[in-house]
Amino acid sequence: MGYVESPRSTCALGGALSLINSLDRAVPIIHAGPGCGSVLTFGQNLGGGYQHIGYASGSAAPSSNTLEKHVVFGGEDRLREQIQSTIELVDADLYFVVTGCTAGLIGDDVKAVVAEFSGKDREVIVAETPGFKGSTYAGHGLALRSLLDQVTRPAQAKFSRAVNLFGVVAAQDPFWQGNLAEIRRLLERIGLEVILSGDGDTVETIRRAAGAGLSILLSGGAHVSAVKHFRERFDVPYLRHALPIGTETAAFLRQVANATGIDRNAVEAVIADEEQVFWKYMTKLSEAYAFILVNREFGVVADSSYAVSITRFLTADLGLTPKIVVVTDEPADDERETVRREILDLPNGLAPTVVFEPDGYRIGEALRANRPDILIGSSADKDIARSLHVPILTVSYPLVDRLALSNGYTGYRGAVNLAEDLGTAILSAM
Amino acid sequence: MSATNRGVPTREERLHTITAFVGSGQELEHNARAGCVKQQDRRFSQAAACAEMMPLCNSALIDGNVVIAHSPVGCSGMLTLINLFNKTGRLMRGLPPANVRGISTNLGERDVVYGGADELERAILEADRRYNPPAITVITSCASGIIGDDVDALVTRVQPNVKASLIPIQCEGFKSGVVATGYDAFLSSLLRVIDKPKRGKKRKDTVLLINPLSISRPNEVEIERLLAKVGLKAQWFPLFTDFANVRNAAEVGGASTLCSLMSNYFFQEFERSFCVPFAEPSMPVGVEFTDLWLRKVGDMMGVSDRVEEVIAAERAAIEPQLAEIREKVRGKRAYVGFNLEKSLSLQSLLTELEMVTVVSTGFEYSDAYGKAAIENLNSRCGGKYTLHIGNFQHFEWANLFHREKPDLLVGGLELGGWALRQGIPVAPVLPHTFFLGYGGALSCGKDIVNSLRNASFSANLGRHVKLPYRQGWYESSPLAYIGGKQ
């Protein structure tokens, strides 16, 4: 923790809202001050590439809007009234109460109030996510754990060839939908069923998620606790792999196949087919490569998942030289070595400077001290890129100079997108 | 929350501002006359606005200022979006591009137990070191308020150690459900850095004009043009202006505003401290309200005699083009969706274009700035339109969109996307739109004509979006949830 300039995340409540916005027919009931829901939506959804996401988000998100009287006398009655009226007015499958700082600090017994509504023919659940509990990632992890705890049912039968995807945070990863779609496409191609994907999950799929044979965690450390808890509770093992991009996808698919008992030959056939298409497009790139990409020394400013996978792709597939990698999502102390090791797992002994830093000003200092000649970062890094006369491709939050709809950067198709967008960034800066 | 530390009175306390009303313009006028406009709570409410939003967003746009949000990290989330206002605002004024400078003290679990004052002190010292800024504003939050961090005392203690002027703003989010309370907190916080004018330094021909973040440079240029015609100069305050122009704000001959909704408390305190007279006309949109604005400002500045000839000349100059626009939009039914001040002023323009306003919205209402404009409009267009007062509250907008099926929304960021998703085309009035004064009336009128050309996107989109409300809600009264117990 500690002060941070130009923050690259919202708060725990923002993370909880991000999770709810990624679900199908789920409505948040925000028990917090009157501004939280709006501030977080304006910040998060618009800051993630101007996306309108969520069944009832932004100005449509139910919120108890606690004022001074509730801070002084308690907000439980107001919350009860709000849950009641939300169920009456909003047609949803899941009513998800999430709390902000006021409820967290005055000590409303939110769980007790929510319990009054459960046990009926609808899901009314709660996650305590006051902003001071941490970043968007932390809140997303907390809310995910609450969701699985309160909605998932013990499995009647186990399906070894069914998996759950966890850890991609809607809008905080502006390309979350495109990224998940490609991972899902590839997993289905090797013969797996994806129960929970992180995009459009329904109450029905969340209920039967314990039937999966494997959880796949695609992010940094903020979701480890939720996924481990899910393993303990429902006996679903997990494997962790940063978002695969380019030929790293083969390693990812082999690892998943291994863990789910998919036939090795079938997987190799898929990999060969996908790689053939991938290299067809890389061949197409090769003319421009010689012109604009060759010998580039790149910098990455992104969260740990993107930092690992983008660095790997640009180094191992595109043959660029990693100069500096700034990890912005403040992994816990015991996580940092893992992230550092994953970033530095590169061919040809290449070893960029790795910095863990959320503060915009100090990120600028790090980039000045290790000047790259192409930067992959967020819109907040455009000033520094301009001052260093370095072209920049913006991919990470906050993303306000691009739209993010269906585009994605994972897998084989996403890798082609990334190479294409990177080249375009260089060309358009010329 | 110590008693000395409470900052400005809330709008609810000071002006009996309300945030819940659905009825006709006539009804609100009648209630206001009878003195029975009363706040009611909602049994169901949606994400609204808090007292912290405006201090954060506005102080980020004072040139060179660093804003520190003494809060968990999410409260400063809107800075991402404000950076866009900042970029376009700077570009239009020929200022070099630069990101807003915002720091969050990032209060965590440990801080809410042990207090966050030390972290705030570190952030202030570091902001001063990094940027050597003329000013640093420090914004409080729900969390800092509830845990009882005494920001005023800290600022007093730290001030001798930094070069920047420290400006604390007490604006805990839970203090008020009225967004304008935040404007009061923001603007009045600047009083402490305004200097007493030196003898002979008064600029009697200059009007201090408050510029809201949603009104962009082309509008300022139009106002400057009109003021120049009556021999006056404008000094914009406080956004996109050098901090020196904040300090010398009291040198002017008088003060006025482009949005009377936001300036009210500041002007009273400004006059008390510096004896600067003020005028608070409605936003100068359309012919009638621009006339009124010029008359009020002209009266205050002692140039009334020149105002009438300027009005006559401006009216004559735009009438032919206004008539052309009128031919194209006459009878079109509009839903006007902004804060009340902007909505009523745009409604005035629409009335001049012979359009029909079916709904006019406001995030809040108080007699102090709403009554005169509503009386004016009711006398001109009959008062049958629906007035919706709600601090956002999308479910009521959705009900009214469905009920009224307007031909278009004249609206901004808050309602624009929602109208499209309900199949209604949008005439946008955005932060970069030109809509003030006589020139703005033409420009805005042309925008409305253009927005009616091709409604394909909204029409198609509306068929594919399912809003989250039960079908029964659309058949209910939009008032149904106003009047909760809590």
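Residues numbered from 1 in each chain as written. Chains lettered and ligands numbered in written order. Predicted model: local features only at pLDDT ≥ 70, side-chain atom pairs only at ≥ 80, totals over all residues.

Chemist: For this particular structure, what's the right way to read the overall build of chain B?
Modeler: Each helix and strand counted, chain B has 21 helices and 13 strands in total. Against the globule reference of 23 Å for 486 residues, chain B gives a C-alpha radius of gyration of 23 Å, in line with a compact fold. (Helix = DSSP H or I, 4+ residues; strand = E, 2+ residues; numbered from the N terminus. Rg over C-alpha atoms; globule rule 2.2 N^0.38 Å.)

Chemist: Looking at this structure, I do not really get the overall build of chain A. What am I missing?
Modeler: In terms of helices and strands, chain A carries 17 helices and 13 strands. By its C-alpha atoms, chain A is 65 × 50 × 35 Å across when sized along the principal axes. Among the 430 residues that make up chain A, the fraction classed as buried is 60%. (Buried ≥ 20, exposed ≤ 12 C-beta atoms within 10 Å, placed from the backbone.)

Chemist: What's the story with the interface of chain A and chain B in this structure? I'm lost.
Modeler: Interface size is often expressed as the accessible area that is lost when the parts come together. Across the contact, 66 residues belong to chain A and 61 residues belong to chain B. Sorting the residues of the side of chain A that touches chain B by element identifies strand 1 (4-5), helix 1 (12-22), strand 2 (26-31), helix 2 (36-47), helix 3 (68-73), helix 4 (76-89) and helix 5 (101-106) of chain A as the ones contributing at least two each. Take the side of chain A that touches chain B: its biggest share by element is 10 residues, from helix 2 of chain A. Looking at the side of chain A that touches chain B, its residues break down into 31 nonpolar, 27 polar and eight charged. Sheet topology places strand 1 of chain A next to strand 3 (residues 101-104) of chain B; two bridges connect them, and they run antiparallel. Within strand 3 of chain B, the position partnered with E5 of chain A by the bridge is I103 of chain B. (Contact = placed C-beta atoms within 7 Å. Nonpolar A, V, L, I, M, F, W, Y, C, P; charged D, E, K, R; others polar. Pairing = 2+ DSSP bridges.)

Chemist: Help me out: how do you make sense of the sheet that holds strand 4 (residues 123-127) of chain A in this one?
Modeler: Two pairing modes exist for strands in a sheet, parallel and antiparallel, and in both the strands are linked by backbone hydrogen bonds. Residues and elements named next belong to chain A. Read across the open sheet, the three strands follow the order 2-3-4; overall the sheet is parallel. If you trace the sheet from one side to the other, it starts and ends with strand 2 and strand 4, each paired once. On average, adjacent strands in this sheet sit at an angle of 25° to one another, irrespective of strand direction. As defined by bridge partners, strand 2 adjoins strand 3 (residues 94-99) across six bridges and the pair is classed as parallel. The partner of V27 across the bridge, within strand 3, is Y95. Packing against the sheet, helix 1 makes contact with strand 2, strand 3 and strand 4, and its axis sits at approximately 170° to strand 3. Those strands touched by helix 7 (residues 136-151) are strand 3 and strand 4, and its axis lies near 145° from that of strand 4. (Axes fitted to C-alpha atoms, helices over the stretch in contact; angles between N-to-C directions.)

Chemist: Would you mind going over the packing of helix 12 (residues 264-293) of chain A against helix 17 (residues 411-428) of chain A with me for this structure?
Modeler: Helices that pack against each other are described as a pair by the angle of their axes relative to one another and the distance between those axes. All names here are of chain A. Where helix 12 contacts helix 17, the two axes come as close as 10 Å, and the packing angle between them is 10°. Our classification of the angle between helix 12 and helix 17 gives roughly parallel. The element helix 12 and its partner helix 17 pack so that their crossing is left-handed. Counting all contacts with helix 12, which are made through E274, V277, F278, Y281, L285, A288, I292 and L293, the residues of helix 17 involved are Y412, A415, V416, A419, G423, I426 and L427. Of the residues in the contact of helix 12 with helix 17, the class split is 13 nonpolar, one polar and one charged. (Parallel < 35°, antiparallel > 145°, perpendicular 65-115°, else oblique. Left-handed = near helix turned anticlockwise from the far one by under 90°.)

Chemist: Looking at this structure, how should I read the domain arrangement of chain A?
Modeler: Residues and elements named next belong to chain A. With domains assigned, chain A is organised as domain 1 (12-151), domain 2 (159-243) and domain 3 (265-428). If you average the C-alpha positions of domain 2 and of domain 3, the two centres end up 24 Å apart. Taken residue by residue, the interface counts 19 residues in domain 2 and 27 residues in domain 3. A class-by-class count of the residues in the side of domain 2 that touches domain 3 yields nine nonpolar, eight polar and two charged. (Domains from an automatic or database assignment.)

Chemist: I keep staring at the sheet that holds strand 5 (residues 165-169) of chain B and nothing clicks. Help me out?
Modeler: Spatially, 1(A)-3(B)-2(B)-4(B)-5(B) is the arrangement adopted by the five strands of the open sheet, whose pairing is mixed. Only two strands of the sheet have a single neighbouring strand rather than two, namely strand 1 of chain A together with strand 5 of chain B.

Chemist: I tried to follow the pairing of strand 2 of chain A on my own but got confused; where do I start?
Modeler: Along any regular strand the residues' side chains alternate between the sheet's two faces. Burial analysis of strand 2 of chain A places six of its six residues in the buried class, which makes it a mostly covered element. The alternating pattern of strand 2 of chain A places A26, P28 and I30 of chain A and V27, I29 and H31 of chain A on opposite faces, both of which are buried.

Chemist: What should I look at first to understand the nonpolar core in this one?
Modeler: Core analysis: the biggest nonpolar cluster contains 294 residues, and A16 and F96 of chain A together with I68, I136, V207 and V410 of chain B have the highest contact counts within it. Per-element tally for this core: the top contributor is helix 7 of chain A, with eight residues. Setting aside its immediate chain neighbours within four residues, A16 of chain A contacts V98, A127, T129, G139, H140, L142 and A143 of chain A. (Core = buried A, V, L, I, M, F, W, Y, C linked by C-beta atoms within 7 Å.)

Chemist: Any chance you could explain the environment of D383 of chain A here in plain terms?
Modeler: Turning to its location among the elements, D383 of chain A is positioned in helix 16 (residues 382-387). A tally of 16 C-beta atoms within 10 Å means that D383 of chain A is categorised as partly exposed. Linking D383 of chain A and A155 of chain A, residues 228 residues apart in sequence, is a C-alpha distance of 52 Å. Sequence-distant contacts of D383 of chain A, that is, excluding residues within four places in its chain, are made with A98 and N99 of chain B.

Chemist: Whenever I open this one, the domain arrangement of chain B confuses me. Can you help?
Modeler: All names here are of chain B. Assigned domains within chain B: domain 1 (51-176), domain 2 (203-303) and domain 3 (306-475). Each of domain 2 and domain 3 has a C-alpha centre, and these two points are 25 Å apart. Between domain 2 and domain 3, the contact holds 31 residues from the first and 29 residues from the second. Of all the secondary-structure elements, those providing two or more residues to the side of domain 2 that touches domain 3 are helix 10 (217-229), helix 12 (260-274) and helix 13 (286-301). Here the element with the most residues in the side of domain 2 that touches domain 3 is helix 13; it accounts for nine residues. Here the side of domain 2 that touches domain 3 is composed, by residue class, of 16 nonpolar, 10 polar and five charged.

Chemist: Hey, could you run me through helix 10 of chain B in this one?
Modeler: All names here are of chain B. Taking 1.5 Å as the rise per residue, helix 10 with 13 residues should run 18 Å; its terminal C-alpha atoms sit 19 Å apart, in good agreement. Buried residues of helix 10: R217, N219, E220, E222, I223, L226 and L227, and no others. Considering only its buried residues, helix 10 is in contact with helix 4 (79-92), strand 6 (203-210), strand 7 (233-237), helix 13, helix 14 (304-329) and helix 19 (437-451). Downstream of helix 10 by a residue or two, G231 has a phi angle that is positive, lying close to 85°. (Expected span 1.5 Å × (residues − 1).)

Chemist: Just to check I follow, could you spell out unusual backbone geometry for this structure?
Modeler: Residues other than glycine predominantly adopt negative phi, and peptide bonds predominantly adopt the trans conformation. A cis amide bond, omega 0°, links Y397 of chain A with the succeeding residue P398 of chain A. Secondary-structure assignment places P398 of chain A in the loop between strand 13 (392-396) and helix 17. Following F237 of chain B, the chain continues into P238 of chain B via a peptide bond in cis, with omega recorded as -5°. Along the polypeptide, P238 of chain B turns up in the loop between strand 7 and helix 11 (243-247). The backbone of Y50 of chain A shows a phi angle near 55°, a positive value even though the residue is not glycine.

Chemist: Honestly, the pairing of strand 3 of chain B in this entry has me stumped. Any pointers?
Modeler: Of the two faces of strand 3 of chain B, both are covered, the one formed by R101 and I103 of chain B as well as the one formed by G102 and S104 of chain B. Traced from strand 2 (residues 66-69) of chain B through helix 4 of chain B to strand 3 of chain B, the parallel crossover comes out right-handed. (Right-handed = clockwise from strand over helix to strand, strands pointing away.)

Chemist: Whenever I open this one, the environment of L461 of chain B confuses me. Can you help?
Modeler: Residues and elements named next belong to chain B. On the secondary structure map, L461 appears in helix 20 (residues 456-462). For L461, a count of 15 C-beta atoms within 10 Å translates into the label partly exposed. Spatially, the C-alpha atoms of L461 and M262 are 35 Å apart, while their sequence positions differ by 199 residues. For L461, the contacting residues outside a window of four places in its chain are L420, R421 and G423.

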